[in-house]
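Per-entry structural report
Now for the letters of each chain:
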Amino acid sequence: MKIIEQQYKLNEPAPTQCSYCDEEKNFLMVKPVAMAFNGEVHANVNMTNSTKWICLECLTMDLDAMGHSVDIQEYE
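Remember, it's a predicted structure, so these values are computed and weren't measured experimentally.

A separate point is the overall build of the chain. Helix and strand content of the chain: 1 helix and 4 strands. Helices and strands in the chain line up, N terminus first, as β-β-β-β-α. Counting contacts in the chain only where the partners sit at least 6 residues apart, residues at least 24 apart contribute 51% of the total. For the chain, the accessible surface area stands at approximately 6600 Å², while carbon and sulfur atoms represent 51% of it.

Next comes the structure, spelled out in structure tokens:
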């Protein structure tokens, strides 16, 4: 098995609100720069200098808007 990444906890404040819906969420991720679906690459171009944090609900809506139906849910 080849290790391709490592995760570690950063010593910085975690965001609490989604950059897209402005709702407080327990799980946020940095919005992907690009995604590949069925042989097509979809790129996201951030028009600001700030990191965009996205919740699972907004990510699901983005994927649906691109024509790719997915079911992503957060489990506690």
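Below, the discussion takes up the nonpolar core. Note on soluble globular proteins: their nonpolar side chains tend to be buried together. Residues Cys 18, Leu 28, Met 35, Phe 37, Ile 54, Cys 55, Cys 58, Leu 59 and Leu 63 constitute the largest nonpolar core, which totals 9 residues. Those elements that place two or more of their residues in this core are strand S2 (34–37) and helix H1 (56–65). Here this core takes 3 residues from H1, the largest share from any one element. Contact partners of Cys 55, with chain neighbours within four places excluded, come to Cys 18, Cys 21, Lys 25, Phe 27 and Leu 28.

Side chains that differ in charge, positive against negative, can pair when their charged atoms come close. All told, the structure shown has 3 salt bridges when counted by the stated rule. Of the charged contacts in the structure, one is a salt bridge between Glu 57 and Lys 25, with a shortest N-O distance of 3.3 Å. With Glu 57 in helix H1 and Lys 25 in the segment before strand S1 (29–30), the pair connects residues that are 32 residues apart, well separated along the chain. Using a relative accessible area of 40% as the deciding quantity, one classes Glu 57 as partly exposed. One salt bridge connects Asp 62 with Lys 31, and the closest N-O pair in it is separated by 2.6 Å. Taken together, the positions of Asp 62 in helix H1 and Lys 31 in the loop between S1 and S2 put the pair 31 residues apart, joining distant regions of the chain. A cluster of three or more residues bridged by salt bridges with shared partners is formed by Glu 23, Lys 25 and Glu 57.

Conventions we followed
- Counting restarts for each chain, with residues numbered from 1 along the sequence as it is written.
- Two thresholds apply to this predicted model, a pLDDT of at least 70 for residue-level local features and 80 or more for giving and counting side-chain atom pairs, whereas whole-chain, interface and lining totals are computed over all residues.
- As a rule here, side-chain values cover all heavy atoms of the structure and leave hydrogens and water aside.
- Numbered from the N terminus, helices here are DSSP runs of H or I no shorter than four residues, and strands are runs of E no shorter than two.
- Any two residues whose heavy atoms approach within 4.5 Å at even a single point are treated as in contact.
- Only the protein chains shown count as cover for residues, and all accessible areas are computed by the Shrake-Rupley method using a 1.4 Å probe.
- By nonpolar core is meant a set of buried Ala, Val, Leu, Ile, Met, Phe, Trp, Tyr and Cys residues that side-chain atoms within 4.5 Å join together.
- Only protein chains enter the calculation, and the probe is 1.4 Å; a residue is then buried if its accessible area is under 20% of its type maximum, exposed if over 50%, and partly exposed in between.
- What makes a salt bridge here is a side-chain nitrogen of Lys or Arg within 4 Å of a carboxyl oxygen of Asp or Glu, nothing more.

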